[in-house]
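# Descriptive analysis of the structure
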Amino acid sequence: MKAYLGVDAGGTKTNAMITDEEGRLLAIGKAGPGNHQIHVELAKNNIYSAVHEALNSAALQVKDIAVAWFGLAGADREADYRILRPIISELGFAQYEIVCDTIIALRAGSTRSYGVVSICGTGTNCAGVNPRGDIFQCGGFGYAYGDFGGGSELAVEAFRSVIRAWEGRTAPTLLTDLVLEKLRYDSVEQLFHHSLDTHLRIPADLTPLVFKAASSGDMISRQILKKQGEELGISAKAVIQKLGMQNEVFDLVLAGSVLAKGVSDFIHPYIAEQVAQVAEGCQLRILGVEPVIGAVFQAMEKDGIHLTDAIYANITQVSHV
């Protein structure tokens, strides 16, 4: 029996999964944040913990893993890989690979080994792989570097929309009452002054309020979400063009809490509208499984395994990690 290890190390959790060559689940390991950009030693310890928990649960050793595949948040630039390579190398796997976690999310959401992924969770990121295996990433570094949105920034948009409506710069918005209730203020004036005085850090959990208000017909909220969709579509369009995929048939996998859990009518059509301008063969797919599954897929493919319908069925029946 051959065994394959996939790891998904993100900003809040690390998941490890081991399967056999038929895609049958052998073990799962879990730990905390695995993004080295948050804290290198913390990330290292959590990655090691998740990996060894999975190995121990499967009664396997490092030498028993044919290929290990690591999808790591923060694996964006060569400067990151100079930190990550020694960390992963120390685990001792004979064959292993490190990629950005965007790439395993893409592989988890598509039956093809190529395509594009758009992630919109706390922040945003977009990446793609063409049929030749070339990879291009667009974004992931924040507003100053060209991005827009994600949960943290949509929360800011909600907050500032309340202030702007109060001052008369825009029309009234349903966000006003929703935000006041959520943050426990009696009036926008109280919210305004207390927030300035205490240097309030706007909480990301205001983002669901934008969807709630939009669902009730609030035009300010709908405009915010429309812009989010257009910006994500623009990023995906850039990836498609950079990788020369305009004439390919492929999936655009949508991942992250804003895209996977939010009401799709307010964002997804604007993504589709942008990508349709350059790639008619692009189809949107919401990621419905854990990204770590994509790491296992890629580990198996690295070892020359053709992923059959049976293998897909075996792995994707794992409902959660």
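The structure we're discussing is the one just above.
These numbers come from a predicted model, not from an experiment.

## Quick word on the side chain of Thr176
With respect to the helices, strands and loops of the structure, Thr176 is situated in helix α5 (residues 175-183). Looking at Thr176, the relative accessible area reads 16%, which means it is buried. Not counting chain neighbours up to four residues away, the residues in contact with Thr176 comprise Val162 and Val188.

## Concerning the packing of aromatic side chains
Counted by the stated rule, this structure contains three aromatic pairs. Ring centres of Phe70 and Phe93 lie 6.2 Å apart, and the angle between their planes is 55 degrees; this geometry places the pair in the tilted category. Taken together, the positions of Phe70 in strand β4 (residues 65-72) and Phe93 in the loop between α2 (78-89) and β5 (96-100) put the pair 23 residues apart, joining distant regions of the chain. Grouping residues by exposure puts Phe70 and Phe93 together as buried. Between Trp166 and Phe192, the ring centres sit 5.2 Å apart and the planes meet at 45 degrees, which makes this aromatic pair tilted.

## As for the nonpolar core
Ranked by size, the top nonpolar core spans 45 residues in total, and within it Val116, Leu175 and Leu191 carry the most contacts. Ranked by the residues each element gives to this core, the list is headed by helix α8 (residues 219-242), at seven residues. Those residues in contact with Val116 that lie beyond four places of it in its chain are Leu106, Cys126, Ala127, Gly128, Ala236, Val239, Ile240, Met245, Phe250, Asp251, Leu252 and Val253. Listed in part, the 31 residues of the second largest apolar core include Val117, Ala295, Phe297 and Met300.

## Examining the environment of Ala59
The topology assignment puts Ala59 in the loop between α1 (40-57) and β4. On the basis of relative accessible area, Ala59 is assigned to the exposed category, the value being 67%. As for Ala59 and Ala27, which are separated by 32 residues in sequence, their C-alpha atoms are 9.0 Å apart.

## Quick word on the sheet that holds strand β1 (residues 3-9)
One open sheet holds the five strands; their spatial order is β3-β2-β1-β4-β5, and the pairing between them is mixed. Of all the strands in the sheet, the pair left with one neighbour each is β3 (25-31) and β5. Averaged over all pairs of adjacent strands, the angle between strand axes in this sheet comes to 15 degrees, irrespective of strand direction. Examined bridge by bridge, β4 and β5 share five bridges and lie parallel to one another.

## Remarks on the sheet that holds strand β10 (residues 282-286)
In sheet architecture, strand pairing relies on hydrogen bonds along the backbone and comes in two forms, parallel and antiparallel. Strand order in the open sheet formed by five strands is β8-β7-β6-β9-β10, with mixed pairing between adjacent strands. With one partner strand each, in any of the chains shown, β8 (135-138) and β10 form the two edges of the open sheet. Sheet twist, expressed as the mean angle between neighbouring strand axes with direction ignored, is 20 degrees. Relative to the sheet, helix α3 (residues 101-108) contacts β6 (115-120), β7 (124-129), β8 and β9 (250-255), its axis offset from that of β6 by approximately 115 degrees.

## Describing the environment of Asn15
Within the secondary structure, Asn15 sits in strand β2 (residues 14-20). Classification of Asn15 by relative accessible area gives buried; the value is 2%. Residues Asn15 and Pro33 lie 18 residues apart in sequence; the distance between their C-alpha atoms is 9.6 Å.

## Examining the pattern of salt bridges
Taken as a whole and judged by the stated rule, the model has 15 salt bridges. One salt bridge connects Glu301 with Arg107, and the closest N-O pair in it is separated by 2.8 Å. A residue pair is termed long-range when its members are at least 10 positions apart, and Glu301 in helix α11 (residues 292-302) and Arg107 in helix α3 qualify at 194 residues. Looking at Glu301, the relative accessible area reads 29%, which means it is partly exposed. Through salt bridges that share partners, Arg112, Asp251 and Arg285 make up one connected network.

## Side note on the packing of α5 against helix α7 (residues 207-215)
α7 packs onto α5 with a crossing angle of 145 degrees between their chain directions and a minimal axis gap of 10 Å. For the element pair α5 and α7, the recorded crossing hand is right-handed. Between α5, through Leu175, Leu178, Val179 and Lys182, and α7, the contact on the second element is made entirely by Leu209, Val210, Lys212 and Ala213. Looking at the contact of α5 with α7, its residues break down into six nonpolar, no polar and two charged.

Rules of the game
Residues numbered from 1 in each chain as written. Predicted model: local features only at pLDDT ≥ 70, side-chain atom pairs only at ≥ 80, totals over all residues. Heavy atoms only, no water. Helix = DSSP H or I, 4+ residues; strand = E, 2+ residues; numbered from the N terminus. Buried < 20%, exposed > 50% of the residue type's maximum accessible area, 1.4 Å probe, protein only. Contact = heavy atoms within 4.5 Å. Phe/Tyr/Trp six-rings, centres within 6.5 Å; stacked < 30°, edge-to-face > 60°. Core = buried A, V, L, I, M, F, W, Y, C linked by side-chain atoms within 4.5 Å. Pairing = 2+ DSSP bridges. Axes fitted to C-alpha atoms, helices over the stretch in contact; angles between N-to-C directions. Salt bridge = Lys/Arg side-chain N within 4 Å of Asp/Glu carboxyl O. Left-handed = near helix turned anticlockwise from the far one by under 90°. Nonpolar A, V, L, I, M, F, W, Y, C, P; charged D, E, K, R; others polar.

It is worth stressing that arrangement in space is one thing and function is another; only the former is reported here.
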